[in-house]
Amino acid sequence: MLTYFEKWKISFPYLRKNLNSIKTRVLHIVPSFPNATQIWLTNLLNANTKNKLYLYAEVLGDSTSLHSNITIVKTPYTKPSNKFSVKLYYLKSIRFISRFIRENKISHVHAHFANMGYLYLGLKTKEITYVVSFYGYDYETLVYRNKKWGKAFNKLFFKADLFLCEGAYGLSVLNKLGCNKDKLRIQKLGVPRENIQYVKRNKKANSLKLIQIASFTEKKGHIYSVKAIENCIEEYPNLTLDIYGNIRNEKYYQHVLAYIMEHKLSNFINIHTYLQYDNIPEKLSAFDVFIHPSCYGKNRDCEGGAPTILLDAQATGMPVLSTNHCDIPSSVIVNKTALLSKEKDVVQLSENIITFYKMSQKEYDNYTVNAFNHILNNFDIEQNASSLSYV
């Protein structure tokens, strides 16, 4: 039986139309914006036209990359360095944001990264749906570095309403950490539609040009790409690797460089500076296969989900060499768009490189078409962002 309100809604079509057009007002909270290694966040926000969005960043830079209908909430406070002042900073920030939420009738708060979710948990009220997205270091590194985060996670899992991960692996990790399954959802990231463009590649017989684009941190596995090249070049000399990445871990970066020099690999491996996101599709077109052997770092840092660069590569029709790390298997189709190896398994990674090296143009073409269609059908950011309904 229909309620009185439902009958009233049916009786007034124009009212029904207006009610259905009301957008959920969502405040997104991030540590900094923009962030060169988090273009996926910009893409997700810009594609989410279903809701009315607001963005609060502790450190705010140039926000012109955001869609004009996203409102920037500028903080009046600067985050201090000493411990006591930091506590006061968060108390004042939460008070400021709470007032903004009330004045703008915001119903949802979406904190990106678990530590941000915990630090701003004071924003959670009965009227606010509180959502937290996990991405990488926040899965295990926080707890590994400081056991106090274990108790913080328990509080976060209890008070927040919804937790978003990129795939099934992330969900399983959070469930093991104590999060109720009913609060867990998968939120796939994706590629902007204009970047899903097939590029026809002609792979020369018995040769292979590899490219890796990743910040220099241990979890990105550059050293295993380098060691795999070393394993292959004596028997398969027409093999090259170009690596692009900003230096986030100087010690690790120097370790990779030293290995290349000590093992006389500089004729086969080239290291380049950071590559701007807008230039990635054009750069990828000059190479045959994308390589990215992700792994757990010594500090338990991980991808959490999967590197979104794997999606960007496949969006151009580029096959992938990677590992079974975290949610990478759900971002590719094994033996159709990618070949995967175990983490840190240089032998298996080398074998997969040789497979592509020897691969005929016909078989290679099958991989390229499969890669393009996989992203087109499953990782269009506009389609995936539309599912961000917070229900």
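Residues numbered from 1 in each chain as written. Predicted model: local features only at pLDDT ≥ 70, side-chain atom pairs only at ≥ 80, totals over all residues. Heavy atoms only, no water.

Colleague: Sorry, what's going on with the overall build of the protein chain here?
Modeller: When you go through the protein chain residue by residue, the secondary structure sums to 15 helices and 13 strands. The C-alpha atoms of the protein chain give 23 Å as radius of gyration, which agrees with the globular expectation for 391 residues (21 Å, within 12%). Per-residue burial for the protein chain yields a buried fraction of 51% across its 391 residues. Accessible surface, the protein chain as shown: approximately 19100 Å² in total, 52% of it carbon and sulfur. Here the protein chain contributes 50 positive and 32 negative side-chain charges, whose respective centroids are spaced 10 Å apart. (Helix = DSSP H or I, 4+ residues; strand = E, 2+ residues; numbered from the N terminus. Rg over C-alpha atoms; globule rule 2.2 N^0.38 Å. Buried < 20%, exposed > 50% of the residue type's maximum accessible area, 1.4 Å probe, protein only. Areas by Shrake-Rupley, 256 points an atom, 1.4 Å probe, with all protein chains shown as cover. Lys, Arg positive; Asp, Glu negative; His and termini not counted. Charge placed at Lys NZ, Arg CZ, Asp CG, Glu CD.)

Colleague: Could you clarify how one ought to interpret unusual backbone geometry in this entry?
Modeller: For the peptide bond that leads from F33 to P34, omega is -5°, which places it in the cis range. Along the chain, the position of P34 falls in the loop between β1 (25-33) and α3 (39-47). Positive phi, close to 50°, is recorded for N206, a residue that is not glycine. Here N206 falls in the partly exposed class, since its relative accessible area comes to 46%. If you check the backbone angles, K344 has positive phi at about 65° while not being a glycine. Within the element layout of this structure, K344 appears in the loop between β13 (338-341) and α13 (346-358).

Colleague: Got a minute to help me understand the pairing of strand β5 (residues 129-133) in this structure?
Modeller: Looking down a regular strand, the side chains alternate between one sheet face and the other. Most of β5 sits inside the fold, with 4 of its 5 residues counted as buried. Relative to β5, strand β4 (residues 108-112) runs parallel, the two being bridged by 5 bridges. Note on β5: the bridge partner recorded for A111 is V132. With helix α5 (residues 114-119) bridging β4 and the parallel β5, this β-α-β connection has right-handed handedness. (Pairing = 2+ DSSP bridges. Right-handed = clockwise from strand over helix to strand, strands pointing away.)

Colleague: Honestly, the packing of aromatic side chains in this entry has me stumped. Any pointers?
Modeller: Remark: the centre distance and the inter-plane angle together describe each pair of aromatic rings, the angle taken between the planes. Taken as a whole and assessed by the stated rule, the structure comprises 21 aromatic pairs. Taken together, a centroid distance of 5.3 Å and an interplanar angle of 80° make the contact between F157 and F163 edge-to-face. The two residues F157 and F163 agree in class, both being buried. Over the face of the ring belonging to Y54 we find K52, whose NZ or CZ atom lies 5.2 Å from the ring centre. Here R300 stacks its cationic end above the ring of Y296, 4.0 Å away from the centre of that ring. (Phe/Tyr/Trp six-rings, centres within 6.5 Å; stacked < 30°, edge-to-face > 60°. Lys NZ or Arg CZ within 6 Å of the ring centre and 35° of its normal.)

Colleague: I keep staring at the sheet that holds strand β10 (residues 269-272) and nothing clicks. Help me out?
Modeller: To summarise the sheet geometry, strands pair through backbone hydrogen bonds and adopt either a parallel or an antiparallel arrangement. Reading across the sheet, the 6 strands line up as β10-β9-β8-β11-β12-β13 and stay open at both edges, with parallel pairing between neighbours. Either end of the sheet is taken by a strand with one partner, and the two such strands are β10 and β13. If you compare each strand with its neighbour and ignore which way they point, the axes differ by 25° on average. (Axes fitted to C-alpha atoms, helices over the stretch in contact; angles between N-to-C directions.)

Colleague: Where do I start with the environment of S266 in this structure?
Modeller: Looking at the secondary structure, you find S266 in the loop between α10 (250-262) and β10. Sequence-wise, S266 and T240 are 26 residues apart; in three dimensions their C-alpha atoms are separated by 9.8 Å.

Colleague: Can you help me understand the packing of helix α9 (residues 222-232) against α10 in this one?
Modeller: When two helices pack together, their arrangement is captured by the angle between the axes and the distance separating the axes. Between α9 and α10, the shortest axis-to-axis distance is 10 Å and the interhelical angle comes to 5°. As the angle between them shows, α9 and α10 are arranged roughly parallel. Of α10, the residues touching α9 (which contributes H222, I223, V226, K227 and E230) are Y252, H255, V256, Y259 and I260. Class assignment for the residues of the contact of α9 with α10 results in 6 nonpolar, 2 polar and 2 charged. (Parallel < 35°, antiparallel > 145°, perpendicular 65-115°, else oblique. Contact = heavy atoms within 4.5 Å. Nonpolar A, V, L, I, M, F, W, Y, C, P; charged D, E, K, R; others polar.)

Colleague: Would you explain the pattern of salt bridges in this entry?
Modeller: A side chain of one charge can pair with a side chain of the opposite charge if their charged atoms are brought near each other. Inspection of the entire model under this criterion finds 8 salt bridges. Between K79 and E58 there is a salt bridge, and its shortest N-O distance comes to 3.4 Å. Here the residue K79 occupies a position in the loop between β3 (71-73) and α4 (83-103), and E58 occupies one in strand β2 (residues 52-60), the gap between them amounting to 21 residues. K79 sits in the partly exposed class, given a relative accessible area of 39%. Through salt bridges with shared partners, one network takes in R193, D380 and E382. (Salt bridge = Lys/Arg side-chain N within 4 Å of Asp/Glu carboxyl O.)

Colleague: What am I meant to see in the sheet that holds β2 here?
Modeller: Ordered in space as β3-β2-β1-β4-β5-β6-β7, the 7 strands form an open sheet in which the pairing is parallel. Edge positions in the sheet fall to β3 and β7 (184-186), since each of these pairs with one other strand and no more. Within the sheet, the average angular offset between the axes of one strand and its neighbour, ignoring direction, is 25°. Both β5 and strand β6 (residues 162-165) contribute to a ladder of 3 bridges, which runs parallel. Paired with V131 across the bridge in β6 is L162. Lying on the sheet, α4 is in contact with β1, β2, β3 and β4; it crosses β2 at an angle near 160°.

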